[in-house]
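Topology and contacts: notes
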Amino acid sequence: MFLTSCGGGYKTDVPPPSGKETYKEILPAEIGGVAVDGKKLELDASRYQGVAASYGAGAKLTVLQCKDQAALDEYVKGTVVPGLEEFGSRSSGKFNGVWSLKGSGKTGRIYGWQNGNWLFVIQASNDELFDEVVDKFAYISKE
C-alpha cells in the first residue's frame, strides 16, 4: 500500500509487528534528542493493547493493536478523527477497507495508517521531527 501525505509519499505495507515484541523494541528510543516516554493506553484490554509514546512536546507516536476491525474502527472514529480538528488541512477515511489519516497546519503534522489489525499514528510539531520519526520507525518509510 502506498499512501500520499502532506510533504510526500510513504510506504506503509511493511509487515506489522508480530505482537510478541515489547514496546521498547517497536518504538524509536529517541526523537529530536529526547528519550521516549511510553505509556500504556488505558483501554479495554479485551479489545485493545497499545502504547502512546511521547518525545517531549515535539513528537508523539501511537501504536495500537486491535482485536478486530470493529474495535479499530471505533478507536479511529472516537479518538483519532476528532483530534484532526486542530489541523487546517486534514483528511481521513477508509480506502480499500483500511484507515488512512493525515493533517497539517500551524500545530505540525499528523499521519496515521492501518496495517492489518494495527493502527499507527505519528504526530510532530514540525517537519524535521516528523521526518525523524518516519526514519526511525520500522513500520513506515519514505517513498
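Small disclaimer: the values here were computed from a predicted structure and weren't measured.

A full pass over the atoms with the stated rule returns 10 aromatic pairs. Between Tyr-111 and Trp-113, the aromatic rings sit 5.7 Å apart at their centres with planes inclined by 40 degrees, giving tilted as the arrangement. The same class applies to Tyr-111 as to Trp-113, namely buried. Note on Phe-120 and Phe-137: the rings are 5.5 Å apart at their centroids and 70 degrees apart in plane angle, and the pair reads as edge-to-face. Highlighted residues: Phe-120 in strand E11 (residues 118-124) and Phe-137 in the loop between helix H3 (127-136) and strand E12 (141-142), separated in sequence by 17 residues. When its relative accessible area of 1% is taken as the criterion, Phe-137 is described as buried. Taken together, the ring pairs connect Tyr-10, Tyr-111, Trp-113, Trp-118, Phe-120, Phe-130, Phe-137 and Tyr-139 into an aromatic cluster. Looking at Arg-109, its charged tip hangs above the ring of Phe-130, at a distance of 4.0 Å from the centre.

Here we take up the pattern of salt bridges. Under the counting rule described, the total for this entry stands at 9 salt bridges. Note that Asp-13 and Lys-11 form a salt bridge whose closest N and O atoms lie 3.5 Å from each other. Residue classification places Asp-13 among the partly exposed residues on the basis of a relative accessible area of 38%. With a relative accessible area of 28%, Lys-11 lands in the partly exposed category. Of the charged contacts, one joins Glu-132 and Lys-136 as a salt bridge, the two residues approaching to 2.8 Å between their closest N and O atoms. Of this pair, Glu-132 and Lys-136 both sit in helix H3, 4 residues apart, which is roughly one turn of that helix.

In this structure, Leu-61, Val-63, Trp-113, Ile-122, Phe-137 and Ile-140 are the most contacted members of the largest nonpolar core, which totals 24 residues. For this core, the secondary-structure elements that each account for two or more residues are strand E6 (48-55), strand E7 (59-66), strand E10 (108-115), E11 and H3. Contact partners of Leu-61, with chain neighbours within four places excluded, come to Leu-27, Pro-28, Val-51, Ala-52, Ala-53, Tyr-55, Val-121, Ile-122 and Phe-137. Among the nonpolar cores identified, the runner-up in size contains 16 residues, and Leu-84, Leu-101, Ile-110 and Val-121 belong to it.

Attention now moves to the sheet that holds strand E8 (residues 89-95). Strands sit in the order E5-E6-E7-E11-E10-E9-E8 across an open sheet of 7 strands; the sheet is antiparallel. At either margin of the open sheet sits one strand with a lone partner, and together these are strand E5 (37-40) and E8. The average angle at which neighbouring strand axes cross in this sheet is 10 degrees, direction not considered. Bridge analysis of strand E9 (residues 98-105) against E10 gives 6 bridges, and the strand direction is antiparallel. Paired with Leu-101 across the bridge in E10 is Gly-112. Against the sheet, helix H2 (residues 69-83) touches E6, E7, E8, E9, E10 and E11, its axis set at about 15 degrees to E9.

About the thresholds
Residues numbered from 1 in each chain as written. Predicted model: local features only at pLDDT ≥ 70, side-chain atom pairs only at ≥ 80, totals over all residues. Heavy atoms only, no water. Phe/Tyr/Trp six-rings, centres within 6.5 Å; stacked < 30°, edge-to-face > 60°. Buried < 20%, exposed > 50% of the residue type's maximum accessible area, 1.4 Å probe, protein only. Helix = DSSP H or I, 4+ residues; strand = E, 2+ residues; numbered from the N terminus. Lys NZ or Arg CZ within 6 Å of the ring centre and 35° of its normal. Salt bridge = Lys/Arg side-chain N within 4 Å of Asp/Glu carboxyl O. Core = buried A, V, L, I, M, F, W, Y, C linked by side-chain atoms within 4.5 Å. Contact = heavy atoms within 4.5 Å. Pairing = 2+ DSSP bridges. Axes fitted to C-alpha atoms, helices over the stretch in contact; angles between N-to-C directions.

In short, the description is geometric, and any link to function would need to be established separately.
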